[in-house]
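Listed below, chain by chain, are the residues.
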Amino acid sequence: METKQIPIVSSAEFGRIADRNPNLLHENPWVVEGYIHSWPGYRQWQDLDYLRERFGDLQAFAKAPNFITNRNQKLVSVETSFEQYIRYIRQPDDVREIYRNCWLEGDHEQFVALGMPLYCGTLRIVHHANDAIFADVDPLLPAPLRAWNHALPYYYSLFNHFWLLVSLPGALTPLHVDNNGTIATIAQLSGRKRATLYSPADLCHVRNSEIGFLDPEQPDDRDFPTWRRAVKWVADLQVGQVLFVGTNWAHHVRTLDTSISVSFDFVDHSNLAAYATSAGWAAALGNRCKRNPELVAARTHGQIRREDIDELSAVTLGRCVMAHVLRSTSAAAETPELTSIRRLYLAHLEQCLASNEELAA
Ligand SMILES: O=C(O)CCC(=O)C(=O)O
Ligand SMILES: [Fe+2]
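Worth saying up front: this structure is predicted, and the values here are computed from it rather than measured.

## Structural notes on the overall build of the chain
- When you go through the chain residue by residue, the secondary structure sums to 14 helices and 17 strands.
- If one aligns the C-alpha atoms of the chain with their principal axes, the spans along those axes are about 60 × 50 × 50 Å.
- Every one of the 361 residues in the chain was classed for burial, and the buried ones make up 39%.
- Sequence-distant contacts, at least 24 apart, represent 79% of the contacts inside the chain between residues at least 6 apart.

Structure (structure tokens):
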């Protein structure tokens, strides 16, 4: 098995490479340093007391591991507040007392047997494109990269993420691929994390449709007989560095020290087609519409009919509704950039709908 170090570059060098190669985020992962130090929130967000004051009231789930992606993995979880979770981070030995009666899946004994800390690794801190958080994390990406998220209707409510992740040494996010063809970024504010990645071309060696994903720390020859053919990309992410994970790259992250990260995914020119045609957001939107059929029929002025809402699959319905939203909003968009992104998105979507047998039937 070949192991490669993920290249580490300054944000200035990264900018020069990005100018020459618009596809660079997808050819290999990158660790970029030297721009999140200038985030207005950088220092404050390293302080657990500050985070507790700002986000303590948020309802949270903490799990061990963060989630599971293999049929043979076991999961335990608690329902908590972020404030209570910070208490656990400070006093992990008090876990029995802190989470008495809070177990959702498994219990304290099963948690102890797993031998890994609870991880609140999916704390949503952004809900829409105008969220106040963006003032703290600016620039989100080093130039010339530009996130197009803000131009994509409902982006932050369709399983695209913007998370604050606080974790103890040993916390685990198992191997997985992010939703919707997005590019993932993990910005390290405190402590270190070990990242292990596999390219989309190597997914066939590390993903088994029945079992799930490989455990890169303990590969199983029976379920993943060809795992040695995959190239393993590795980096120990240090404070101040950002890891970029391209579309459909599988990633596994082990926390090494008590850690604070911000992780978000994004869409730009390089993955808009992958985003537009992915089934994840479309199914989420379609299912939401199926729960409110009258509202959807009224809002689309009958262009999407009651019977379509009932009969189309959630994915197709989600795509039809999004195409409708894009047609009606791109003309009225506030800036030429917004208009052109929405038009491009719509063009990808229309192509996808045109080849849809469900609609032809
Ligand atoms: O930092 C972690 O534990 C995992 C984060 C992740 O998978 C992501 O941001 O997509
Ligand atoms: Fe991820």
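## A few points about the nonpolar core
- Residues Tyr85, Cys120, Val206, Leu243, Phe244 and Val321 are the most contacted members of the largest nonpolar core, which totals 92 residues.
- When residues of this core are assigned to their parent elements, the largest contribution, six residues, is made by helix H12 (residues 314-330).
- For this core, the domains that each give at least three residues are domain 1 (3-270) and domain 2 (277-356).
- Apart from residues lying up to four places away in sequence, Tyr85 is in contact with Ala60, Ala62, Thr80 and Cys120.

## With respect to the UniProt feature "domain: JmjC" (unreviewed entry) in the chain
- Within this structure's numbering, the places UniProt gives as "domain: JmjC" (unreviewed entry) are residues 141-283.
- Secondary structure content for residues 141-283 is 10% helix and 38% strand, while the C-alpha to C-alpha distance between its ends is 28 Å.

## A word on the environment of Tyr275
- One can find Tyr275 in helix H8 (residues 272-276).
- Once the C-alpha coordinates of Tyr275 and Gln5 are considered, the two residues, 270 residues apart in sequence, prove to be 28 Å apart.
- Beyond its immediate sequence surroundings of up to four residues, Tyr275 is in contact with Asn180, Gly181, Thr182 and Val267.

## Details of the site of ligand 1
- By nearness alone, every residue bordering ligand 1 is listed as Asn66, Gly121, Leu165, Thr173, Asp178, Ala184, Ile186, Lys193, His251, Val253, Ser261 and Ser263.
- Elements that contribute at least two residues to the shell around ligand 1 include exactly strand E10 (183-190), strand E16 (250-255) and strand E17 (259-266).
- Classifying every residue of the shell around ligand 1 by side-chain character gives four nonpolar, six polar and two charged.

## As for the sheet that holds strand E5 (residues 76-81)
- In space, the three strands of this open sheet follow the order E4-E5-E6, with antiparallel pairing throughout. The sheet is open, and its two edges are formed by strand E4 (59-64) and strand E6 (103-105), each paired on a single side. Neighbour to neighbour, the strand axes of the sheet diverge by 35° on average, direction disregarded.
- Along the sheet face, helix H4 (residues 82-90) touches E4 and E5 and points at about 120° away from the line of E5.

## Brief notes about helix H13 (residues 336-354)
- The end-to-end C-alpha distance of H13, which contains 19 residues, comes to 27 Å, matching closely the 27 Å that a straight helix rising 1.5 Å per residue would cover.
- Those residues of H13 not exposed but buried are Ile341, Arg342, Tyr345 and Leu349. Angular distribution of buried residues about the axis of H13 spans 95°; they occupy a single face of the element. Residues of H13 that are exposed and angled more than 90 degrees away from the buried face: Pro336 and Ala354.
- In this structure, the buried side of H13 is in contact with H8 and H12.

## Focus: the pairing of strand E3 (residues 30-33)
- Neither face of E3 is left uncovered, since the one carrying Trp30 and Val32 and the one carrying Val31 and Glu33 both have all their residues buried.
- In this sheet, E3 lies alongside strand E2 (residues 8-10) in parallel orientation, the contact comprising three bridges. Residue Val9 lies in a different strand from E3, and its bridge partner there is Val32.
- With four bridges connecting them, E3 and strand E15 (residues 241-245) associate as antiparallel partners. Note on E15: the bridge partner recorded for Val32 is Val242.

## Things to note about the domain arrangement of the chain
- Domain boundaries in the chain define domain 1 (3-270) and domain 2 (277-356).
- On the domain 2 side, the residues contacting the ten residues of domain 1 number 13 residues.
- Here the side of domain 1 that touches domain 2 is built from residues that sort into seven nonpolar, three polar and no charged.

## Describing the sheet that holds E3
- Spatial strand order, E2-E3-E15-E10-E17-E8-E7: seven strands in an open sheet with mixed pairing. Strand pairing shows two members of the sheet lacking a second neighbour, E2 and strand E7 (120-124), which therefore form its edges. The sheet shows a mean angle of 25° between the axes of neighbouring strands, direction not considered.
- Relative to E15, E10 runs antiparallel, the two being bridged by four bridges.

## Some remarks on unusual backbone geometry
- Omega for the peptide link from Asp138 to Pro139 comes to 0°, which places this bond in the cis form.
- Mapped onto the elements of the fold, Pro139 is located in the loop between E7 and strand E8 (162-167).
- Cis rather than trans, the peptide bond between Ala143 and Pro144 has omega equal to 5°.
- For Pro144, the position within the fold is in the loop between E7 and E8.
- Here Asn101, not a glycine, exhibits a phi torsion of approximately 65°, which is positive.
- Along the chain, the position of Asn101 falls in the loop between helix H5 (95-98) and E6.

## Thoughts on the environment of Gly106
- With respect to the helices and strands, Gly106 occurs in the loop between E6 and helix H6 (108-114).
- A tally of 17 C-beta atoms within 10 Å means that Gly106 is categorised as partly exposed.
- Between the C-alpha atoms of Gly106 and Leu326, which are 220 residues apart in sequence, the distance is 44 Å.
- Sequence-distant contacts of Gly106, that is, excluding residues within four places in its chain, are made with Val76 and Phe111.

Rules used in this analysis
Residues numbered from 1 in each chain as written. Chains lettered and ligands numbered in written order. Predicted model: local features only at pLDDT ≥ 70, side-chain atom pairs only at ≥ 80, totals over all residues. Helix = DSSP H or I, 4+ residues; strand = E, 2+ residues; numbered from the N terminus. Buried ≥ 20, exposed ≤ 12 C-beta atoms within 10 Å, placed from the backbone. Contact = placed C-beta atoms within 7 Å. Core = buried A, V, L, I, M, F, W, Y, C linked by C-beta atoms within 7 Å. Domains from an automatic or database assignment. UniProt positions renumbered as here; feature names shortened; annotations may be inferred. Near = placed C-beta within 6 Å. Nonpolar A, V, L, I, M, F, W, Y, C, P; charged D, E, K, R; others polar. Pairing = 2+ DSSP bridges. Axes fitted to C-alpha atoms, helices over the stretch in contact; angles between N-to-C directions. Expected span 1.5 Å × (residues − 1). Arc of directions from axis to C-beta.

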